[in-house]
Amino acid sequence: MRRVLLHLGLHKTGTTVAQSFLYKNRQLIWPHFSLILPYKTRKTGLADIATRHSVYRLNSTLAEFETGVRALLDPIDFGTRRGLILSEENFAGLRPSRNSAEGYGATPELATTLVERVTERLGPVDLTIYLSLRQREDWMRSLWAHDLRRTRLVQDYDEFRDALNHLPSPKETADMLQDRLPLVKVQTEWMEDLRKRRFGPGAPFAAFLNLPRDKMFKLVAPEPHKARPADNVLLELLELNRSALDDAALMAQKKALIKRAKDDLVSQS
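In this text, all values refer to a predicted model and were calculated from it rather than measured experimentally.

Q: Looking at this model, I keep getting lost on helix α5 (residues 59-73). Mind explaining?
A: Because the α-helix completes a turn every 3.6 residues, residues three or four places apart line up on one side. Counted at 1.5 Å a residue, the expected span for α5 with its 15 residues is 21 Å, and the 21 Å between its end C-alpha atoms agrees. The set of residues buried in α5 consists of Thr61, Phe65, Gly68, Val69, Leu72 and Leu73. Taken down its axis, α5 places every buried residue within 125° of arc, on the same side. Exposed side of α5, more than 90 degrees from the buried face: Asn59, Thr67 and Ala71 are the residues found there.

Structure, rendered in structure tokens:
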């Protein structure tokens, strides 16, 4: 039976490192599994469709996602035995810090649609949904740091956390997903544990591949995890966001600040 792994994030839980592992090892993976990564899901606009549905939760937006998944899968040559590995955190919905009203509320229905379309395309499969998790406090701080860098966020961390306290944790999201799909295996791994394993966030994929011994030795480690900026740098980013700088000047100063912080780390190492 074909094997399928659907990696649906979650955001800020090592997904970029995991996708780096899959991309670097794509030539070893291809004979056994077709591989769908964010380059394809975002180029086709399907990731945007998923995040749009997570905001509006309409029958029409879910139908648009369903149509998009069919269009994504139909042209792929799966041969007679090749399985599928898909990794796209936006298929869980928009990052919760940008969608505080819904959070990951749409994850179960997006996942259900994805599972249905995969089985429609491939027939009976041995299917696993995989979610990487993170302890709530560390996850919240990572979301805050991300938004400080990428948006004009002006809340300090306590304000940011309090505004999102009503949202389910990553673990609670995984539990909701398992409740919605009781016949599907929902696998979870804690980011804090994955950091200790060979291949880091890529470790669950290495195990899933179950390659012959000679090919396992050829697997390449992913790009290393990028450390969150130090607290003093985050506070400087916050002050810049609260300033009267126009958007272009703000982004330029934030980039310069982050570069200086990285250069300082290199010079101290």
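Q: Is there a simple way to explain the nonpolar core in this structure?
A: Buried together is how nonpolar side chains tend to be arranged in soluble globular proteins. Leu6, Leu8, Val118, Leu127 and Ile129 are the most contacted members of the largest nonpolar core, which totals 56 residues. Excluding residues within four positions of it along the chain, Leu8 makes contact with Leu86, Glu88, Glu89, Phe91, Ala92, Ala111, Leu114, Ile129, Tyr130 and Leu131. Within the second largest apolar cluster, 20 residues are counted, among which are Leu28, Leu35, Tyr130 and Leu219.

Q: Is there a simple way to explain the side chain of Ser97 in this structure?
A: As for its placement among the helices and strands, Ser97 is situated in the loop between β3 (83-87) and α6 (107-122). Of note is the side chain of Ser97, whose polar atom sits 2.8 Å from the side chain of Asp147. Each residue touching Ser97, except ones within four places of it in the same chain, is listed here: Leu143, Asp147, Phe160 and Leu164.

Q: Would you mind going over the packing of aromatic side chains with me for this structure?
A: The geometry of two aromatic rings is summed up by the distance between their centres and the angle between their planes. Tallied over the entire structure, the rule returns six aromatic pairs. Pairing Phe21 with Phe199 gives two aromatic rings, centres 5.2 Å apart and planes at 50°, and the pair type is tilted. Residue Phe21 is located in helix α1 (residues 15-24), and its partner Phe199 is located in the loop between α10 (191-194) and α11 (203-209); the two are separated by 178 residues in the primary sequence. Seen from their ring centres, Tyr130 and Phe205 are 5.6 Å apart, and the 80° between their planes marks the pair as edge-to-face. On the criterion of sequence distance, the pair formed by Tyr130 in strand β4 (residues 125-133) and Phe205 in helix α11 is long-range, its members being 75 residues apart. A relative accessible area of 1% means that Tyr130 is categorised as buried.

Scoring rules and cut-offs
Residues numbered from 1 in each chain as written. Predicted model: local features only at pLDDT ≥ 70, side-chain atom pairs only at ≥ 80, totals over all residues. Heavy atoms only, no water. Helix = DSSP H or I, 4+ residues; strand = E, 2+ residues; numbered from the N terminus. Expected span 1.5 Å × (residues − 1). Buried < 20%, exposed > 50% of the residue type's maximum accessible area, 1.4 Å probe, protein only. Arc of directions from axis to C-beta. Core = buried A, V, L, I, M, F, W, Y, C linked by side-chain atoms within 4.5 Å. Contact = heavy atoms within 4.5 Å. Polar contact = N/O pair within 3.5 Å; in protein donor to acceptor, adjacent residues only side chain to side chain. Phe/Tyr/Trp six-rings, centres within 6.5 Å; stacked < 30°, edge-to-face > 60°.

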